[in-house]
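Structural overview
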Amino acid sequence: MPALRRMVAETRLHPADLILPAFVREGITRPVPIQAMPGVVQHTRDTLRKAAVEALEAGVSGIMLFGVPEDEKKDAAGTAGTDPDGILQVAIRDVKAEVGDELVIMSDLCLDEFTDHGHCGVLDAEGRVDNDATLERYAEMAQVQADAGVHVVGPSGMMDGQVGVVRDALDTIGKEDVSILAYTAKYSSAFYGPFREAVGSSLKGDRKTYQQDPANLRESMRELALDLEEGADMVMVKPAGPYLDVLAEVAASVDVPVAAYQISGEYAMVEAAAEKGWIDRDKAILETLTGIRRAGARMILTYWATEVARNLSAGRG
Ligand code: PBG
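This one's a predicted model, so the numbers in the text were calculated from it and none came from an experiment.

Moving on: the overall build of the protein. A tally of regular secondary structure across the protein gives 11 helices and 10 strands. Over its C-alpha trace the protein gives a radius of gyration of 19 Å, about what one expects of a compact globule, namely 20 Å for 317 residues. Principal-axis analysis of the C-alpha atoms places the extent of the protein at approximately 65 × 45 × 40 Å. Burial status across the protein gives 54% buried among its 317 residues. Put simply, of all contacts in the protein between residues at least 6 apart along the chain, 75% involve residues at least 24 apart.

This paragraph deals with the site of the ligand. In the region of the ligand, 17 residues are neighbours, and Lys186, Arg196, Lys238, Ser264 and Tyr303 sit closest. Between Asp108 and the ligand, the recorded distance is 2.8 Å, taken from a side-chain N or O atom to a nitrogen atom. The contact in question runs from an oxygen atom of the ligand to an N or O atom on the backbone of Ser264, over 2.7 Å. Within the complex, 100% of the 410 Å² of free accessible area of the ligand lies under protein. Among the residues forming the shell around the ligand, the class breakdown is seven nonpolar, three polar and seven charged.

The next thing to look at is the nonpolar core. Core analysis: the largest hydrophobic core is formed by 96 residues, its most contacted members being Phe23, Ile63, Leu65 and Tyr138. Beyond its immediate chain neighbours, meaning those up to four positions away, Leu65 contacts Ala22, Leu48, Leu88, Ala91, Ile92, Val95, Ile105, Met106, Ser107 and Asp108.

Taking burial as the measure, the six residues of strand β5 (residues 104-109) include five buried ones, the bulk of the element. The pairing of strand β4 (residues 62-68) with β5 spans four bridges and is classified as parallel. Across the sheet, the residue bridging to Met64 is Met106, located in β5. Handedness of the crossover is the feature at issue here: the chain leaves β4, passes through helix α3 (residues 87-99), returns alongside β5, and the resulting connection is right-handed. The pairing of β5 with strand β6 (residues 152-155) spans four bridges and is classified as parallel. Residue Met106 lies in a different strand from β6, and its bridge partner there is Val152.

Glancing now at helix α7 (residues 218-230). For α7, which comprises 13 residues, the first-to-last C-alpha distance of 19 Å matches the rise-based estimate of 18 Å (1.5 Å per residue) to within 8%. Among the residues making up α7, those that are buried are Ser220, Glu223, Leu224 and Asp227. Angular distribution of buried residues about the axis of α7 spans 105°; they occupy a single face of the element. Exposed residues lying more than 90 degrees from the buried face of α7 are Arg218, Arg222 and Glu229. Close packing links the buried residues of α7 with α5 (162-172), β7 (179-186), β8 (234-238) and α8 (244-253). Two residues or fewer past α7, Gly231 is found with a positive phi of approximately 110°.

Here the focus is the packing of aromatic side chains. Scanning the entire structure with this criterion turns up eight aromatic pairs. Measuring from ring centre to ring centre gives 5.9 Å for Tyr267 and Tyr303, while their planes differ by 75°; the resulting arrangement is edge-to-face. With Tyr267 in helix α9 (residues 264-275) and Tyr303 in the loop between β10 (299-301) and α11 (305-313), this residue pair connects regions lying 36 residues apart in the sequence. Aromatic side chains Tyr267 and Trp304 sit 4.7 Å apart centroid to centroid with 35° between the ring planes, which places their arrangement in the tilted category. Of this pair, Tyr267 sits in helix α9 while Trp304 is found in the loop between β10 and α11, placing the two residues 37 residues apart along the sequence. Note on accessibility: Tyr267 and Trp304 belong to one class, buried. Members of the aromatic cluster, joined through ring pairs, are Phe23, Phe66, Phe195, Tyr261, Tyr267, Tyr303 and Trp304. Note that Lys186 overlies the ring of Tyr192, its terminal NZ or CZ placed 5.7 Å from the centroid.

What counts, and at which threshold
Residues numbered from 1 in each chain as written. Predicted model: local features only at pLDDT ≥ 70, side-chain atom pairs only at ≥ 80, totals over all residues. Heavy atoms only, no water. Helix = DSSP H or I, 4+ residues; strand = E, 2+ residues; numbered from the N terminus. Rg over C-alpha atoms; globule rule 2.2 N^0.38 Å. Buried < 20%, exposed > 50% of the residue type's maximum accessible area, 1.4 Å probe, protein only. Contact = heavy atoms within 4.5 Å. Near = heavy atom within 4 Å. Polar contact = N/O pair within 3.5 Å; in protein donor to acceptor, adjacent residues only side chain to side chain. Areas by Shrake-Rupley, 256 points an atom, 1.4 Å probe, with all protein chains shown as cover. Nonpolar A, V, L, I, M, F, W, Y, C, P; charged D, E, K, R; others polar. Core = buried A, V, L, I, M, F, W, Y, C linked by side-chain atoms within 4.5 Å. Pairing = 2+ DSSP bridges. Right-handed = clockwise from strand over helix to strand, strands pointing away. Expected span 1.5 Å × (residues − 1). Arc of directions from axis to C-beta. Phe/Tyr/Trp six-rings, centres within 6.5 Å; stacked < 30°, edge-to-face > 60°. Lys NZ or Arg CZ within 6 Å of the ring centre and 35° of its normal.

Below you can see the structure in the form of structure tokens.
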């Protein structure tokens, strides 16, 4: 009996559990569809504002912004990422003007969208990511994003010491109230594939030297302890679906809110199979999100956030 099942369900999804990741691209006049993510677009500044309002109206609790600069603005240091008039900073201001403090505004704090080589940091003379030089860039990036009005920054580059450096940088300019969502366990995953198209990434190689090996769990727990020590306010596991055990372990061992990021490839798999008529799209979406909640995520970043929040509010959960 559905009413009874509903009553005794151990896991519930609520619109406020959901955070919408959104892409905004500089220099376009119309949204550009992302081929590998049917239904997701690179927004113009205008359509991003609309998407933020729609998410808010649907009951979604936050939006995570990614900026896509014009190609000619990419360089080795990713300077567009720290330009106060760079696309991400502009987008933060736009969304803030539209929704104020009603929706939690979050920003990706990483250089990969802004570097011409596509890596999450700056490179040394041998072409390897230079951890400490990158931290200086992140500190500056945190400050310009905070100045633009962001509520939460999400350092996602997996550099050692990034959370501490970002916390210091924010405190130095009096932005103690800007929170840090740390990408604590970020695995080197094949499921980031469609994201590369979404942000027009120039990456040629891979991120194996700074992202985690899918085989490891204890390593994530070590990263977790470091992030908390350095001042993370919230922690994240990413991707979500293939790492539910990591999520459960993290959730069981911390008292800060835990987020999971259902990434581009997880989205694409369901959409592609549904398009072929091989699975029931709506049921599959809810099942993936319920699984992530059941494993212990307080919040879920998902490209389906607005749609699912609407359905949940309409009682179609
Ligand atoms: C780094 C970043 C990535 C994603 C979010 N932040 C890409 C990566 O680390 O390779 C992936 C998100 C997704 O695949 O949906 N800026």
